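One-letter residues, chain by chain:
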Amino acid sequence: MARTAARPEAAAHRELRPAREDCPHCGRRTWADYTNHRTVTTLDGLLRLDLTVRRCPHPDCPLHLRPYRPEEEGRVALPQHEFGLDVIALVGSLRYARHRTVTEIHAELTARGVRVCPRTVTNLLDRYDELRALGLTDTQRLRKLTAAWGRVVLAIDGLQPDVGHEVLWVIRDCLTGEPLLARSLLSATEADLAALLREVQDALPVPILGVVSDGQHSIRKAVASALPGIPHQLCQFHYLREAARPIYEADRHAKKELKKVVRGVRPIERAVEGQDGPEAEVTRGYCLAVRSALTDDGRPPLCASGLKLRDRLEAIDAPSVVWRKKGVADRAEEAPGARRQRARRDGRPVADDPDRLRLGPPGGTAPGE
Ligand SMILES: [Zn+2]
């Protein structure tokens, strides 16, 4: 039965972009043409994906206007599917490794917070069987799939729903997003994985341009031995995450320390509660600015929360420093424009600069003055 109620809001959100910005055929720059949105049900809850799709704008290129989707999309779910690959892998392992019935699988999924109807479990099981049966013997399918691009970029990934259970290994083509081979393995040694890769290579009518993976040791070795000389790239997400980890840790510590300094906004707010007048208003403005600076998070690794907080706190502190230093009396007579000009000269933001934080009414007094 079709869903009768809307799916709830996605708990997690990810933006995915293609790993490369140049055209795989002509090497010229492609355009980030449009964004696709998908919501996928995973074992960790609903995940919303914003997918940047790039296209080659050059009419003389065979790949002209052919959509190039983010490589990582296929790691989450099959094309056009509502449920993630991790859910499909779990359904398959419950059925075949633990011999559960569809009703039992449905109960297990529901217990894990995956909203699914019993009929869908049957469908997911079918998908699992199809993935498993996905032989490379169907040369016609492969030819049709790969003809447009004339090459493939392989992605290899193992989906393990539970520790100790067999892992569903999926090898797919990043350019089309299509799975090429799926097999359940109890162990994933270098030899096991190399055999899978060789099988794919032998069946493909087109060359393998490169391999993308999460860089697990056995995968690295398997790629090196089965596909010597073919570039193997660590998935950008894992790569960035690993590279940024020390910076992320340092930044998190810095943020914690910074927060200690500005703790206690609430008592100050309470002290001016119900008071009118410019002083109370400016105090409230400052408190609001501090509060929003504290709750405003960065997006690591590229935008560090700690550094952002420091910038914002400095911007809040700057006008009060200026006022304390030069006195506020002569400042009140000035036109706002003149004040902005001086701020620019001094390289400091001021409270009523429209590009900066707005703290209380323009021309108001600094707290404590
Ligand atoms: Zn092109």
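Reading the values: the criteria
- Throughout, residues of each chain are indexed from 1 in the direction in which the sequence is written.
- Residue-level local features of this predicted model are given only where pLDDT is at least 70; pairs of side-chain atoms are given and counted only at 80 or more, and the full residue set underlies all totals for whole chains, interfaces and linings.
- Only hydrogens and water are removed before side-chain values are computed, so all heavy atoms of the structure are retained for them.
- Note on conventions: DSSP H or I runs of at least 4 residues are helices, E runs of at least 2 residues are strands, and numbering of each starts at the N terminus.
- Only protein chains enter the accessibility calculation, which uses a 1.4 Å probe. A residue is then buried if its area is under 20% of the maximum for its type, exposed if over 50%, and partly exposed in between.
- Residue contacts are counted whenever heavy atoms from the two residues lie within 4.5 Å of one another.
- Here the Shrake-Rupley method, with its probe set to 1.4 Å, supplies the accessible areas, and only the displayed protein chains count as covering residues.
- A residue's pLDDT is simply how confident the predictor is in it, with values from 0 to 100.
- A donor here means any N, O or S atom no more than 2.8 Å from the metal (3.2 Å for Na, K and Ca); water is not included, so a site may seem to lack partners.
- Geometry is assigned from the angles between donors: four donors with all angles from 85 to 135 degrees make a tetrahedral site, four or six donors whose opposite pairs exceed 155 degrees while the rest stay between 65 and 115 make square planar or octahedral sites respectively, and everything else is labelled irregular.
- Strand pairing is assigned whenever DSSP identifies at least 2 bridges connecting the two strands.
- Only the stretch in contact is used when fitting a helix axis, every axis being a line fitted to C-alpha atoms; angles between N-to-C directions are given from 0 to 180 degrees.
- For the handedness criterion, the strands are oriented away from the viewer, and a crossover whose path from the first strand over the helix to the second runs clockwise is classed as right-handed.
- Working definition: the arc comes from the directions between the helix axis and the C-beta atoms, pointing outward to the latter.
- Each angle gets one of four labels, with under 35 degrees taken as roughly parallel, over 145 as roughly antiparallel, 65 to 115 as roughly perpendicular, and the rest as oblique.
- In a left-handed crossing the near helix is turned counterclockwise from the far helix by less than a right angle, and in a right-handed crossing that turn is clockwise.
- Basically, the charged four are Asp, Glu, Lys and Arg, the nonpolar ten are Ala, Val, Leu, Ile, Met, Phe, Trp, Tyr, Cys and Pro, and anything else, Gly included, counts as polar.

Draft legend 1. View of the overall build of the protein chain. Check the secondary structure of the protein chain and you find 13 helices and eight strands. Across the 369 residues in the protein chain, those meeting the buried criterion constitute 41%. Put simply, 59% of the contacts in the protein chain that link residues at least 6 apart link residues at least 24 apart. Total accessible area on the protein chain stands at roughly 20,300 Å², and carbon and sulfur atoms take up 52% of it.

Draft legend 2. Just the confidence of the model for the protein chain, in detail. The predicted model of the protein chain has a mean per-residue pLDDT of 80, with 82% of residues at 70 or higher. With pLDDT under 50 throughout, residues 343–369 is counted as low confidence; its partners more than four residues away or in other chains account for 50 contacts.

Draft legend 3. Main features of the coordination of the zinc ion. Protein-derived coordination of the zinc ion comes from Cys23 (SG), Cys26 (SG), Cys56 (SG) and Cys61 (SG), at a distance range of 2.3 Å. Coordination at the zinc ion comes from four donor atoms whose angles at the metal span 104 to 114 degrees, giving a geometry best classed as tetrahedral. Expressed as a motif, the donor residue spacing for the zinc ion is C-x2-C-x29-C-x4-C.

Draft legend 4. The arrangement of the sheet that holds strand β2 (residues 31–42) in detail. Taken together, three strands build an open sheet; the order of strands is β1-β3-β2 and the sheet is mixed. Sheet topology places β1 (12–16) and β2 at the edges, where each strand pairs with a single neighbour. Pairwise comparison of adjacent strand axes, ignoring direction, gives a mean angle of 15 degrees for this sheet.

Draft legend 5. Layout of the pairing of strand β7 (residues 208–213). Burial analysis of β7 places five of its six residues in the buried class, which makes it a mostly covered element. Summarising the sheet, strand β4 (residues 152–159) and β7 pair through four bridges and their orientation is parallel. Within the sheet, the bridge partner assigned to Val152 lies in β7 and is Ile208. Summarising the sheet, β7 and strand β8 (residues 232–234) pair through three bridges and their orientation is parallel. By the bridge assignment, Val211 is partnered in β8 with His232. Read from β7 through helix α7 (residues 217–226) to β8, the crossover connection turns out right-handed.

Draft legend 6. Main features of helix α5 (residues 139–147). Every buried residue of α5 is listed here: Leu142, Leu145 and Thr146. Down the axis of α5, the sector holding all buried residues measures 80 degrees, keeping them to one side. Turned more than 90 degrees away from the buried face of α5 sit Gln140, Arg143, Lys144 and Ala147, all of them exposed. Next to the buried residues of α5 lie β4, β6 (179–185) and α6 (190–203).

Draft legend 7. The sheet that holds β6, seen in detail. Read across the open sheet, the five strands follow the order β6-β5-β4-β7-β8; overall the sheet is mixed. Strands at the two margins of the open sheet, each flanked by one partner only, are β6 and β8. Strand-to-strand twist in this sheet, taken as the mean axis angle between neighbours without regard to direction, amounts to 20 degrees. As judged from the six bridges shared by strand β5 (residues 167–173) and β6, these two strands associate in the antiparallel manner. The residue of β6 that forms the bridge with Ile171 is Leu181. Running over the sheet, α7 touches β4, β5, β7 and β8 and is turned about 160 degrees from β8.

Draft legend 8. A look at the packing of α6 against α7. Contact geometry of α6 with α7 gives a least axis separation of 8 Å together with a crossing angle of 45 degrees. By the angle between their directions, the pair α6 and α7 is classed as oblique. The chirality of how α6 crosses α7 is right-handed. Two secondary-structure elements touch here, α6 through Glu190, Leu193, Ala194, Leu197, Arg198 and Gln201 and α7 through Ser218, Ile219, Lys221, Ala222, Val223, Ser225 and Ala226. Across the contact of α6 with α7, the residue classes break down as seven nonpolar, three polar and three charged.

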